[in-house]
Amino acid sequence: MTTLRSHSHLKELEDEGIYIMREVAAQFERPVLLFSGGKDSIVMFHLARKAFHPGKIPFPLMHVDTGHNFPEAIEFRDGLVEKYGVELIVGSVQESIDEGRVEEETGPDASRNALQTVTLLDTLKKHQVDAALGGGRRDEEKARAKERFFSHRDIFGQWDPKNQRPELWNLYNGRKKPGENFRVFPISNWTEMDVWQYIAQENIEIPSIYFAHERKVFNRRGVWLADTEFINKMDDEEVVTKVVRFRTIGDATCTGAVLSDASTMEDIIQEVASARETERGTRHDDKRSETAMEDRKKQGYF
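Thresholds applied
- Residues numbered from 1 in each chain as written.
- Predicted model: local features only at pLDDT ≥ 70, side-chain atom pairs only at ≥ 80, totals over all residues.
- Heavy atoms only, no water.
- Helix = DSSP H or I, 4+ residues; strand = E, 2+ residues; numbered from the N terminus.
- Buried < 20%, exposed > 50% of the residue type's maximum accessible area, 1.4 Å probe, protein only.
- Contact = heavy atoms within 4.5 Å.
- Areas by Shrake-Rupley, 256 points an atom, 1.4 Å probe, with all protein chains shown as cover.
- Patch = residues over 30% accessible without salt bridge, like charges linked within 9 Å, V, L, I, M, F, W, Y side chains within 5 Å.
- Salt bridge = Lys/Arg side-chain N within 4 Å of Asp/Glu carboxyl O.
- Core = buried A, V, L, I, M, F, W, Y, C linked by side-chain atoms within 4.5 Å.
- Domains from an automatic or database assignment.
- Lys, Arg positive; Asp, Glu negative; His and termini not counted.
- Polar contact = N/O pair within 3.5 Å; in protein donor to acceptor, adjacent residues only side chain to side chain.
- Phe/Tyr/Trp six-rings, centres within 6.5 Å; stacked < 30°, edge-to-face > 60°.
- Pairing = 2+ DSSP bridges.
- Axes fitted to C-alpha atoms, helices over the stretch in contact; angles between N-to-C directions.
- 1 Å grid on protein atoms, 1.4 Å probe; cavity = no way out; pocket = protein on both sides within 12 Å on 5 of 7 lines; lining within 4 Å.
- Points joined across faces, edges and corners; volume = space filled by probe spheres on them.
- Nonpolar A, V, L, I, M, F, W, Y, C, P; charged D, E, K, R; others polar.
- Parallel < 35°, antiparallel > 145°, perpendicular 65-115°, else oblique.
- Left-handed = near helix turned anticlockwise from the far one by under 90°.

The next point concerns the overall build of the protein chain. The secondary structure content of the protein chain amounts to eight helices and ten strands. Counting only residues that meet the buried cut, the protein chain has 53% of its 302 residues in that class. Sequence separation of at least 24 residues holds for 72% of the intrachain contacts in the protein chain that already meet a minimum separation of 6. Accessible surface computed for the protein chain: about 14,800 Å², of which carbon and sulfur atoms make up 48%.

Attention now moves to a nonpolar patch on the surface. On the surface, Leu168, Trp169 and Leu171 cluster together into a nonpolar patch covering about 410 Å² of accessible area. The residue Leu168 is located in the loop between β5 (150-153) and β6 (181-184) in this model.

Generally speaking, soluble globular proteins have nonpolar side chains that are buried together. Residues Met21, Leu33, Phe150 and Trp196 are the most contacted members of the largest nonpolar core, which totals 55 residues. At the level of elements, α1 (2-27), α2 (39-52), α3 (71-84), β4 (131-133), β6, α6 (192-202) and α7 (265-274) are the ones that each hand at least two residues to this core. When residues of this core are assigned to domains, at least three map to each of domain 1 (9-194 + 291-299) and domain 2 (203-286). Setting aside chain neighbours within four positions, we find Leu33 in contact with Met21, Ser41, Met44, Phe45, Ala48, Phe59, Pro60, Leu61, Met62 and Leu133.

Time to look at the pattern of salt bridges. One pass over the full model with this rule turns up 18 salt bridges. For Asp139, the salt bridge is made with Arg137, and the minimal N-O distance between the two is 3.0 Å. Arg137 sits in the buried class, given a relative accessible area of 1%. Between Asp227 and Lys233 there is a salt bridge, with its nearest N and O atoms 2.9 Å apart. Each of Lys39, Asp40, Arg137 and Asp139 takes part in one network of salt bridges that share partners.

Another point: the side chain of Glu180. Relative to the helices and strands, Glu180 is located in the loop between β5 and β6. Here Glu180 is buried and forms no salt bridge, its nearest opposite-charge partner Arg165 lying at an N-O distance of 4.9 Å. At 3.0 Å, the side chain of Glu180 forms a polar contact with the side chain of His152. Setting aside its immediate chain neighbours within four residues, Glu180 contacts His152, Arg153, Asp154 and Ile155.

Turning our eyes to something else, we now look at the packing of aromatic side chains. The tally for this structure, following the rule as stated, stands at twelve aromatic pairs. Measuring from ring centre to ring centre gives 5.4 Å for Trp196 and Tyr210, while their planes differ by 80°; the resulting arrangement is edge-to-face. With Trp196 in helix α6 and Tyr210 in the loop between α6 and β7 (213-220), this residue pair connects regions lying 14 residues apart in the sequence. Each member of the pair, Trp196 together with Tyr210, is buried.

Let us look at the sheet that holds strand β8 (residues 223-226). Here we have four strands rolled up into a closed barrel, ordered β7-β8-β10-β9, and antiparallel in their pairing. On average, each strand axis in the sheet is tilted by 70° relative to the strand beside it, whichever way the strands run. Pairing between β8 and strand β10 (residues 256-259): two bridges, direction antiparallel. For Leu225, the partnering residue across the bridge sits in β10 and is Gly256.

Moving on, we get to the layout of surface pockets. Each pocket or cavity is described by its volume, and for the largest pocket that value is around 340 Å³. Lining of the largest pocket is provided by 17 residues; of these, Leu124, Lys125, Ile155, Gly179 and Asn181 occupy positions nearest its centre. Looking at the lining of the largest pocket element by element, the count peaks at four residues for helix α5 (residues 116-126). Looking at the lining of the largest pocket residue by residue, the class counts come to five nonpolar, four polar and eight charged. Size it by volume and the second largest pocket reaches roughly 250 Å³. The wall of the second largest pocket is formed by 13 residues, among which Gly91, Ser92, Glu95, Thr123 and Lys126 lie closest to the centre. Broken down by secondary-structure element, the contributors of at least two residues to the lining of the second largest pocket are β3 (88-92), α4 (93-98) and α5.

What follows is about the packing of α2 against α6. The N-to-C vectors of α2 and α6 enclose an angle of 55°; their axes lie 11 Å apart at closest approach. By the angle between their directions, the pair α2 and α6 is classed as oblique. Regarding α2 and α6, the two cross each other, and that crossing is left-handed. Touching Lys39, Asp40, Val43, His46, Leu47 and Lys50 of α2 are Glu192, Val195, Trp196, Tyr198, Ile199 and Glu202, all from α6.

From the geometry alone we can't say anything about function, so treat these as descriptive.
Below, the structure written as structure tokens:
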């Protein structure tokens, strides 16, 4: 009986996500699906394929590339694009730095994660995107919990949490003025557990980085960071080899790993069920201030 209830719950979430994607295709002229190679964007891609089957997905994928990626995520992204023949738009943070649009951070905690906002807004403007589908979920972080499915952004790409449109009876208002756009979050009501159970149920392929593996890491203020050329280590930070996996994938400079021996989907689901910290609890970018995520979103972040 538990299995039946679980499958029914996932079917409701799937139907909701597919409905919203079809609404986007109907209401907007130039939508894109934000894609990073992470589990949430992979689920979004799977939903889009179902929503428009047997036709092709009617919008391109867009990746805002920090240049500080985990290689497993980029390899997965490129393989998926080749396999399904979808269009990929890439906005490069490195190009934004080279053009003087943003300034590279310095110091041990330097990250390009916050720099993504300018690159995202520039890329949306360049391609005249009027709706960007994202994999944000309300359970991730308190600022995410304030989002509607259709999140209106002004001509500067900014989000006002106090000025959102009502969404009653599954009616979504995509009307906008010239220059404005929307971020749309079809899996807002999903939890991390829902995502993993759905991936297991649908047998969706995901990058190997989500499963337990040996990796060189070092501990910074309680977070295990991957030893990469992009991070400036401090003198007292010792690199060790640990068996880890990643619950979330972002910029390698601020995305922490968790010590884990979860090597199968069943193991991951059990681990998530017993976790006492959210998946973004290992993200250094969220710890810069109490309102770090909300501040970035107001400036135009995902």
